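Here is how the chains run, residue by residue.
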Amino acid sequence: MDPPHKYEETLMGITVGKEAWEQRTSLTTYKIFDPLTIESKKAATVVLMLNSPEEEILAKACEAIYRFALKGEENKATLLELGAVEPLTKLLTHEDKIVRRNATMIFGILASNNDVKKLLRELDVMNSVIAQLAPEEEVVIHEFASLCLANMSAEYTSKVQIFEHGGLEPLIRLLASPDPDVKKNSIECIYNLAQDFQCRATLQELNAVPPILDLLKSEYPVIQLLALKTLSVITNDKEARTMLRDNQGMDHLIKILETKELNDLHIEALSVIANCLEDMDTLALIQQTGGLKKLLSFAENSTIPDIQKNAAKAITKAASDPENRKLFHEQEVEKCLVALLGSENDGTKIAASQAISAMSENSGSKEFFNNQGIPQLIQSLRSDSEEVREAAALALANLTTCNTANAKNTRTDTLRNTVLPAIWILFSPGKLTHKTHHHNIAAAEADGIEPLINILSSKRDGAIANAATVLANMAMQEPLRVNIQSHDVMHALISPLRSANTVVQSKAALMVAATACDVEARTELRNSGGLEPLVELLRSKNDEVRRHASWAVMVCASDELMAVELCRLGALDILEEVNLSVSRKNKFSEAAYHKLLNNYVSLKYSLTGYLSSSNIISDGFYDYGRINPGTKLMPLKDLCLQEPTDLRAVLLVNSKSDVSPPPSMEDKSSDIGYGRSISSSSSLRRASREKTNTGFGSPTEDKSEPTSGRNTAVSKSATKEKGSRKGRGKKEEEKVKEEEEVAVAPKLTGEGSLDKEWYPPSDPDFCVYVYEVTKSIFPITNIKEQIEALAKYVAEKMGGKVSKEKLPDFSWELHISELKFQLKSNVVPIGLIKKGIFYHRALLFKALADKIGIGCSLVRGEYGRAWNEVKLMNESRKGLIGAFPPPEVYIVDLMFHPGGLMKLKSKEADLYRYL
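The rules behind the values
Residues numbered from 1 in each chain as written. Predicted model: local features only at pLDDT ≥ 70, side-chain atom pairs only at ≥ 80, totals over all residues. Heavy atoms only, no water. Helix = DSSP H or I, 4+ residues; strand = E, 2+ residues; numbered from the N terminus. Buried < 20%, exposed > 50% of the residue type's maximum accessible area, 1.4 Å probe, protein only. Contact = heavy atoms within 4.5 Å. Areas by Shrake-Rupley, 256 points an atom, 1.4 Å probe, with all protein chains shown as cover. Pairing = 2+ DSSP bridges. Axes fitted to C-alpha atoms, helices over the stretch in contact; angles between N-to-C directions. Disulfide = S-S within 2.5 Å. pLDDT = per-residue confidence, 0-100. Parallel < 35°, antiparallel > 145°, perpendicular 65-115°, else oblique. Left-handed = near helix turned anticlockwise from the far one by under 90°. Nonpolar A, V, L, I, M, F, W, Y, C, P; charged D, E, K, R; others polar. Core = buried A, V, L, I, M, F, W, Y, C linked by side-chain atoms within 4.5 Å. Phe/Tyr/Trp six-rings, centres within 6.5 Å; stacked < 30°, edge-to-face > 60°. Lys NZ or Arg CZ within 6 Å of the ring centre and 35° of its normal. Salt bridge = Lys/Arg side-chain N within 4 Å of Asp/Glu carboxyl O. Polar contact = N/O pair within 3.5 Å; in protein donor to acceptor, adjacent residues only side chain to side chain.

To continue, consider the overall build of the protein chain. Each helix and strand counted, the protein chain has 52 helices and ten strands in total. Taken across its 915 residues, the protein chain has 52% of its residues classed as buried. Across the protein chain, contacts joining residues at least 24 apart in sequence account for 67% of those joining residues at least 6 apart. Just so you have it, the protein chain exposes about 42,400 Å², and 52% of that area is on carbon and sulfur atoms.

This paragraph deals with the environment of A299. The residue A299 is located in helix 20 (residues 291-301) in this model. Residue classification places A299 among the buried residues on the basis of a relative accessible area of 2%. Each C-alpha atom of the pair A299 and K309 lies 8.4 Å from the other, and the pair is ten residues apart in sequence. If we skip the residues at most four places from it in the chain, A299 touches Q308, A311, C336 and L340.

Quick look at the pairing of strand 5 (residues 650-653) now. Looking down a regular strand, the side chains alternate between one sheet face and the other. A two-sided burial pattern is seen for strand 5, the buried positions comprising V650 and L652 on one face and L651 and V653 on the other. Bridging between strand 4 (residues 621-623) and strand 5 involves three bridges; their strand directions are antiparallel. Its bridge partner lying in strand 5, D623 is registered against L651.

Before going further, it helps to spend a moment on the sheet that holds strand 6 (residues 827-829). With respect to topology, three strands assemble into an open sheet ordered 4-5-6, the strand pairing being mixed. Edge strands, defined here as strands with exactly one partner in the open sheet, are strand 4 and strand 6. Along the sheet, successive strands turn relative to each other by an average axial angle of 30°, direction set aside.

Bringing the state of the cysteines into the picture now. Taken as a whole and judged by the stated rule, the model has zero disulfides. A disulfide-free cysteine, C189 has its sulfur positioned 9.2 Å from the sulfur of C199, the nearest such atom. On the basis of relative accessible area, C199 is assigned to the buried category, the value being 2%.

The topology assignment puts I57 in helix 3 (residues 55-70). When its relative accessible area of 7% is taken as the criterion, I57 is described as buried.

This brings us to the confidence of the model for the protein chain. This prediction gives the protein chain a mean pLDDT of 79; 79% of its residues lie at or above 70. Averaged pLDDT values over the elements of the protein chain bottom out at 32 in helix 28 (residues 404-407) and peak at 97 in helix 37 (residues 531-537). Between residues 403-419, whose pLDDT stays under 50, and residues either more than four places distant or in other chains, the model counts 22 contacts. Per-residue pLDDT stays below 50 along residues 659-755; that stretch engages in 136 contacts with residues further than four places along the chain or on separate chains.

Axis separation between helix 23 (residues 333-341) and helix 25 (residues 363-371) bottoms out at 10 Å; the angle between their running directions is 40°. Taken together, helix 23 and helix 25 sit at an angle that is classed as oblique. Our pair here, helix 23 against helix 25, has a crossing hand that is right-handed. In contact with E334, K335, L337 and V338 of helix 23, helix 25 contributes S365, F368 and F369. Per-class residue counts for the contact of helix 23 with helix 25 are four nonpolar, one polar and two charged.

Next up on the list: the nonpolar core. In terms of nonpolar packing, the biggest core is built from 196 residues, with L456 and L596 touching the most fellow members. For this core, the leading source of residues is helix 3, giving ten residues. Dropping the residues within four chain positions of it, L596 is found in contact with V553, A557, A563, L566, C567, A571, L572 and L575. By size, the runner-up hydrophobic cluster in this structure holds 58 residues, among which are L611, F766, A849 and Y890.

Further remarks concern the sheet that holds strand 10 (residues 901-903). The strands making up a sheet are joined through hydrogen bonds of the backbone, oriented either antiparallel or parallel. On the basis of which strands lie adjacent, the open sheet formed by five strands has the order 3-7-8-9-10 and antiparallel pairing. Edge positions in the sheet fall to strand 3 (610-611) and strand 10, since each has one partner strand and no second. Sheet topology places strand 8 (residues 866-872) next to strand 9 (residues 888-892); four bridges connect them, and they run antiparallel. Looking across to strand 9, one finds that L872 is bridged to E888. On the sheet, helix 51 (residues 838-852) packs against strand 3, strand 7 (857-860), strand 8 and strand 9 and is oriented at approximately 40° with respect to strand 8.

Moving on, we come to the packing of aromatic side chains. Evaluated as defined, the whole model comprises ten aromatic pairs. Centre to centre, the rings of F896 and Y912 are 5.7 Å apart; their planes meet at 80°, and the pair counts as edge-to-face. Placement of the pair is F896 in the loop between strand 9 and strand 10 and Y912 in helix 52 (residues 907-914), with a sequence separation of 16 residues. Taking the relative accessible area as the measure of exposure, Y912 reaches 3% and is therefore buried. Taken together, the ring pairs connect F838, F896 and Y912 into an aromatic cluster. When the ring centre of Y605 is taken as origin, the NZ or CZ atom of R860, which lies over that ring, is 4.1 Å away. Residue placement shows R865 over the ring face of F838; its charged tip is 4.1 Å from the ring centre.

Packed helices, taken two at a time, are described by the angle between their axes plus the distance between the axes. At a minimum axis distance of 10 Å, the contact between helix 48 (residues 764-776) and helix 51 shows a crossing angle of 50°. For the element pair helix 48 / helix 51, the angle class is oblique. Considering how the two elements wind past one another, helix 48 and helix 51 form a crossing that is right-handed. Contact residues: F766, Y769, V770, V773 and T774 in helix 48; L844, A847, L848, K851 and I852 in helix 51. Looking at side-chain class alone, the contact of helix 48 with helix 51 contains eight nonpolar, one polar and one charged residues.

Under the counting rule described, the total for this entry stands at 31 salt bridges. Put simply, R121 and E155 hold a salt bridge, and the shortest N to O gap is 2.3 Å. In this pair, R121 sits in helix 7 (residues 114-123) while E155 sits in the loop between helix 9 (139-152) and helix 10 (156-164), placing the two residues 34 residues apart along the sequence. Linking K851 and D619 is a salt bridge whose minimum nitrogen-to-oxygen distance equals 3.3 Å. Here K851 is found in helix 51, whereas its partner D619 is found in the loop between strand 3 and strand 4, with 232 residues between them in sequence. With relative accessibility at 24%, the residue K851 sits in the partly exposed group. The exposure class assigned to D619 is buried, which follows from its relative accessible area of 18%. Shared partners join several salt bridges into a network, and the residues in it are E387, E390 and R460.

What follows covers the side chain of S158. By secondary structure assignment, the location of S158 is in helix 10. Classification of S158 by relative accessible area gives buried; the value is 0%. Side chain to side chain, S158 and R121 meet in a polar contact 3.3 Å long. If sequence neighbours within four positions are ignored, S158 has contacts with R121, M126, M152 and S153.

See the structure below:
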């Protein structure tokens, strides 16, 4: 065999023998390498040399590839394309030390390429690389092996491989290496691995904190920075914080902050301190050694925004613990935070606001911020930055909300000393004393309200939720609530109520509950279209949203008009469904359901067949009859506009008269229905005027008003006289005039303006009833006598006493049918009924009893039965000493023996109710 030197040639600085030369010669004939540059063609030849059995050739080939790879990412990609990676991996375990070293150096460089990383993971070479970290290996091998691992550890899959192959222990050992590059690569790799919680736990087991702390003494800033970043990650765990404290780590960190020359490390040092301050023992240690004051002074006086921001973040983290908050308060941390609020840097403002939010859980801190800091927070509400506004609103939300301790005590003085000052400052910023809380605030300028309402239209859900919380807290005070309402707040709440974010939905509903406390606000909410989204929130799967929405519905249902509208939108049906679910119902959903029914008495009676003594029948009440759950109760107006049918008559209670029409509109009630004409309404109004002059409430009769019985006769004779005038006393031209008006009336009611002014049909007879019972029965001082007198009065108005034997002959059905025909409607005012049975009389009794303050219930039975229940004290117990027994329940007889009282649990009462 010819000696190698016979074929020697220099190739990329390497003297090669015959075998390599022949391989190179053959390569030049391959077209695949034609596009390659001359240098790349040489590299391709060198890559083929990696298969050489000659150690010298392998070492020199690796050296050449290393120099080639150093020139840039393009060359690394070329080596990957030439297939250099796989043969190089085999050289990592080569017996020759130089070959192994050179191969390791190549991987240290190549591993920065993402495609190379991917291939190395597939080839599973991690174990071979980690093996190069052994103590007996050269420093150069340590350097490039750790560099390779540092590059690889940037990706999650590689982290797992390094951890599973036991890479942490040798890396920690190399932190004590004399070579700074080895230290840098090792700590960088450890930093990447520490992002995983399993690796952090292993680092603690391997006692990694002391060698990492030693790196803070390094003269190389990059090593110090990586050490601080690593500590910042691992001190998220309590055990690591304890290890750092036990190894005097806080002293090192404070010294870094005190050293101006190390200002490039201050931000990361503060990040580590922030974690450590979460530990009460560490915080106490810093406080005892004076480090806490230094820290606060450093943060307040620093001119570097990131340092101030990180200092505030440190306080925020630590303030999550109540004991830490107490210690911070003792060190007057609030002054530092207020100073940071004045920063021009948005990041600092955000961090300071968040710290104030955390510290406001401490009552002492809250009191401090009530006097200082709120004006700056209000100013932040006007910032151009959405994040700044959100953070400021969060701080204000916490400041205006009672903390846990005060929430248990609702005394006035507690509220005044905790929540109220912050709320009043929001209303009118400035220095306040307790006396100023009661000043006339009508002229005060609401500096905090307008920007808070503006935030409700923010694009950030957190900002909206926080602003709504503040406004809800402020609305606890009536003067502030009035001022909030004056800023069109109900319209501003529509968008938050429609939000897809459950937190925003919850806070918006809570704000509705806080602000919809009066009729004007509820009307504005309804007119703005806010009831629909509010009702939809009752369906929410989120417990808090459903609870707050139920609360808001309960508040909104405080008057009949709103209760009717909410029921129309399905609120009652949804609440009924919610309350059937054990997991979804809550106290507010149950309360809202009952509130809706109690303020929509007509629906309650139709649904439940029962009205308690607290369910007052007011004007506009109507008894439609029994309806099934889930069935919609038609509005009274729609019922009035319907033609009469064979269905049960709808009984109306109304003692009010609508606006009188022009005098030319004459009475024609017998000729046209009131639901569709003006003249019919006028007939009832005129009858009311003829009998009572002014109708319900304030009749202007002669002082010598006759008794109840004579009143009845007068009203009857008036009715007869009126009918007589209609039948005989009209002139011909008057009849023609009336006919013309009746013909025109339907056209007029079609006009939009008149349709808007629709009123329930008036009931002049019922107006008289109210006046008479108010004058003759109301003055009776004995409640039993009142009930008996009212029962007799009702029976007299409804056809008198009817014996059980003659009940089938009591032709009340014909009478009702005639009324429906005359009125051209199914709706019949209760006062027009002169022949009534159980359910007519019971309704009239309840309606009149409510007018004069007699407590009674109304119960619907089967087959047209209904009755009233009253509670009376046992007469035999009068004058006895001791606790009073509960009152007894009686049923009022309105049919067979009017005025009779039957004990509820008696045979006589059962016969009255059921037979």
